[in-house]
Amino acid sequence: MYVPILFCRPLDVLSVGYIKILKAFLTISASWPYQIAGGKVHSLYKYYGRCIIPFGVTAISFEVWFLIDNFNVLSLFEVGHMYLSLFLATLSIMYEKLEWLSHRVVIITLAFGMLCAVAYNMMPIINNISSGAYKNDNKTVELSVYFSYPGFDPQDHYKFATIFNFYVVFGCAILVSGIDLLMTLFVIQIIGHIEVLKNSLLTFPEPKKSTDIIKPHFGRIKQFAVLTAPMFTEEENLVIKEKLKDCVKHHLFIVSFTDDMSDFFGPVLAIYFLFHQVSGCILLLELSAGDPDALTKYGPLTVTIFGQLIIISTIYEIVNTKSELLATTAYSMPWECMNVSNRRSVCILLRRLQRPIAVRALGVTAVNVQTMSTILKTSFSYFTFLRTLND
């Protein structure tokens, strides 16, 4: 039986490659928990971290102001673009085998996040260059994020607005990708612990020798049958008792960690589902324009957004599926060879293992493939409705 290497040797978590990459990216957005994880950090970083949320709220208020001020003159696709930017910004405010998998999940997710940020920022610049908007004052400059404020028109300061948008978009991409990665890595560790517990149950020791068992048989004549069966000795039962305790403690640890994760990430997951519900149909609407600009700008973003939803939901579903198999694995233990006390302990363990382990949003909605399917179906339904309005 394969035992994940991550749990078989002492390891400094912060020295793992994918954790270093995640730490570097989250440091940019002041989201790495230095207070808990430790590490040297410049004193100015504390003030930078305190400014991130006020900065984000201010940026969102500028976008809302622009949307209110220009709502009557914006087309449906432009309104969709603004709503998408607004939802992304709001979401960023809220939030060996296993090592091999975790490392690649980090690399792929961050790579797609950066690709989306580049495409989101570069397409308006390319369009402005091709249309000559930078040279002609009579043409409107296209921006990746539109915002305005009384007394400030981004069209008059498009150079500053373009540079500012690079920071905003990349910061948003790092935050959204970083929160997804944190939740995904936590779930991967839960899966690893379930595999370790499964291995402990499968590799339970067998009795070393057989024992004679006297079994009464009552018929017309009182008889006793002597059966020979493998049974644990008293010394072996003491060892089995400790192993059962370890299995129960390990399962309690997994359940406790999952519950803590549900409590902590529950509100984030609820907002995460709401974000996918709304942004999914908007992204499909933007792509329905069919022009190269829309495909280049929103194509990678759509693939990444839907891909993250599918990956996270699938990984959470794996937790549920693997935890359901633990009860069957526990029943395959040599419980019939144990004494009465240990059999009772196995019975208690079986009852605990029959409850599937699942992470829930706000303690209500389980994060699984069924939830993902519902979100995707609803997004396509809303997209069809919006497409009909636009036609």
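So, how was this worked out
Residues numbered from 1 in each chain as written. Predicted model: local features only at pLDDT ≥ 70, side-chain atom pairs only at ≥ 80, totals over all residues. Heavy atoms only, no water. Helix = DSSP H or I, 4+ residues; strand = E, 2+ residues; numbered from the N terminus. Buried < 20%, exposed > 50% of the residue type's maximum accessible area, 1.4 Å probe, protein only. Areas by Shrake-Rupley, 256 points an atom, 1.4 Å probe, with all protein chains shown as cover. Contact = heavy atoms within 4.5 Å. Polar contact = N/O pair within 3.5 Å; in protein donor to acceptor, adjacent residues only side chain to side chain. Phe/Tyr/Trp six-rings, centres within 6.5 Å; stacked < 30°, edge-to-face > 60°.

1. Observations concerning the overall build of the protein chain
Looking only at helices and strands, one finds ten helices and four strands in the protein chain. Listing each helix as α and each strand as β along the protein chain from the N terminus yields α-α-α-α-α-α-β-β-α-α-α-β-β-α. Counting all 391 residues of the protein chain, 43% fall into the buried class. On the protein chain, roughly 21,400 Å² of surface is accessible, and the fraction owed to carbon and sulfur atoms is 64%.

2. A closer look at the environment of G280
Of note, G280 is situated in helix α7 (residues 234-287). Aside from chain neighbours lying at most four places away, what touches G280 is F275, F306 and S379.

3. Describing the side chain of N165
With respect to the secondary-structure elements, N165 resides in helix α6 (residues 158-202). Judged by its relative accessible area of 1%, N165 is buried. From its side chain, N165 meets the backbone oxygen of V145 in a polar contact 3.1 Å long. When near neighbours in sequence (up to four residues on either side) are disregarded, N165 contacts N121, L143, S144, V145 and F147.

4. Quick word on the packing of aromatic side chains
Applying the stated criterion across every chain, the model contains 15 aromatic pairs. A ring pair is formed by Y120 and Y298, whose centres lie 6.4 Å apart and whose planes are at 85°; its orientation type is edge-to-face. Of this pair, Y120 sits in helix α5 (residues 97-131) while Y298 sits in helix α8 (residues 292-331); the two residues are 178 residues apart in sequence, bridging distant segments of the chain. Owing to a relative accessible area of 6%, Y298 belongs among the buried residues under this scheme. Within the aromatic cluster, the residues linked to one another by ring pairs are F62, F147, F152, F160 and F164.

Scope: geometric values only; no functional claims are made or implied.
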